[in-house]
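Given next are the chains, with one letter for each unit.
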Amino acid sequence: FNIGIRAWEKGESDIEDHQRYRIVLDLLRRQMASLIFTKAKIDDKERVIFKGEVNSFEFTSQVSIMPTNAFGVVYVKYAVEDGDEDGQKLLAYEKNMVMLDRDFGQNNFDPDDFVEFIPNARSITFEYMRPPKEDLEEDPEWQETWDPENEEGSPLAVKLSVVQQEDETPIVVIA
């Protein structure tokens, strides 16, 4: 009887964890899908606010997922950091574009302003789909970085992959 109750409780806990992951990843997908390419003056240069690396992603979006930003375009930064026991965690920073300091491009972020979205996963990565070049017949392909100063146009899609535990299939969100 006790073994059955423990198995039931473990199953309920797993369902709650998966439900939480699904909700968080759906929110992130909606925010990434509504990204917009805006320009801002950073270091006295006008730059597009969009940069992607394998462990971070920053952009502007029309969708806010933080309760403090109820309106307007928001600046968003997702960052992957080392977590507990060889795992990783996904942190998110969001601020209304109107409220940003002029020197926000200097990476002056207070660590307390980041919210932990995924507390412990085996690995978390971002990838960016490069469109095919017009003169070559090739398929779009995923790459680990995207810098608008070095890339033409915008990526066709952004992929977030989360591996919860070793030897598990990754949970993939594509926007």
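For the structure itself, look to the data block above.
These numbers come from a predicted model, not from an experiment.

What am I meant to see in the overall build of the protein here?
Along the backbone of the protein there are one helix and 12 strands. In the protein, which comprises 175 residues, the proportion classed as buried is 34%. For the protein, restricting intrachain contacts to residue pairs at least 6 apart in sequence, the fraction spanning at least 24 positions comes to 56%. Put simply, the protein shows about 11,300 Å² of open surface, and 47% of that area lies on carbon and sulfur atoms.

Any chance you could explain unusual backbone geometry here in plain terms?
With glycine set apart, most residues show a phi of negative sign, and most peptide bonds adopt trans. Within the chain, Asp167 stands out as a residue other than glycine whose phi angle is a positive 65°. Tracing the backbone through its elements, the reader meets Asp167 in the loop between strand E11 (158–163) and strand E12 (171–174). On the basis of relative accessibility, which here comes to 79%, the residue Asp167 falls in the exposed class.

Whenever I open this one, the sheet that holds E12 confuses me. Can you help?
Remark on secondary structure: sheet strands pair via backbone hydrogen bonds, oriented parallel or antiparallel. Sheet architecture is open: four strands sit in the order E10-E9-E11-E12, paired in antiparallel fashion. Strands with a single pairing partner mark the edges of an open sheet, and in this sheet they are strand E10 (141–143) and E12. Taking each pair of neighbouring strands and ignoring which way they run, the sheet shows an average axis angle of 30°. Relative to E10, strand E9 (residues 123–130) is paired through three bridges, and the arrangement is antiparallel.

I keep staring at the pairing of strand E5 (residues 56–61) and nothing clicks. Help me out?
Working note: regular strand, side chains alternate between the two faces of the sheet. Of all six residues in E5, six are buried, a share of seventy percent or more. Of the two faces of E5, the one holding Ser56, Glu58 and Thr60 and the one holding Phe57, Phe59 and Ser61 are both buried throughout. Here strand E1 (residues 35–36) pairs with E5 via two bridges, running antiparallel. Residue pairing for E5: Ile36 is matched across the bridge by Thr60.

Cut-offs and rules
- Residues numbered from 1 in each chain as written.
- Predicted model: local features only at pLDDT ≥ 70, side-chain atom pairs only at ≥ 80, totals over all residues.
- Heavy atoms only, no water.
- Helix = DSSP H or I, 4+ residues; strand = E, 2+ residues; numbered from the N terminus.
- Buried < 20%, exposed > 50% of the residue type's maximum accessible area, 1.4 Å probe, protein only.
- Contact = heavy atoms within 4.5 Å.
- Areas by Shrake-Rupley, 256 points an atom, 1.4 Å probe, with all protein chains shown as cover.
- Pairing = 2+ DSSP bridges.
- Axes fitted to C-alpha atoms, helices over the stretch in contact; angles between N-to-C directions.

By themselves these figures say nothing about function.
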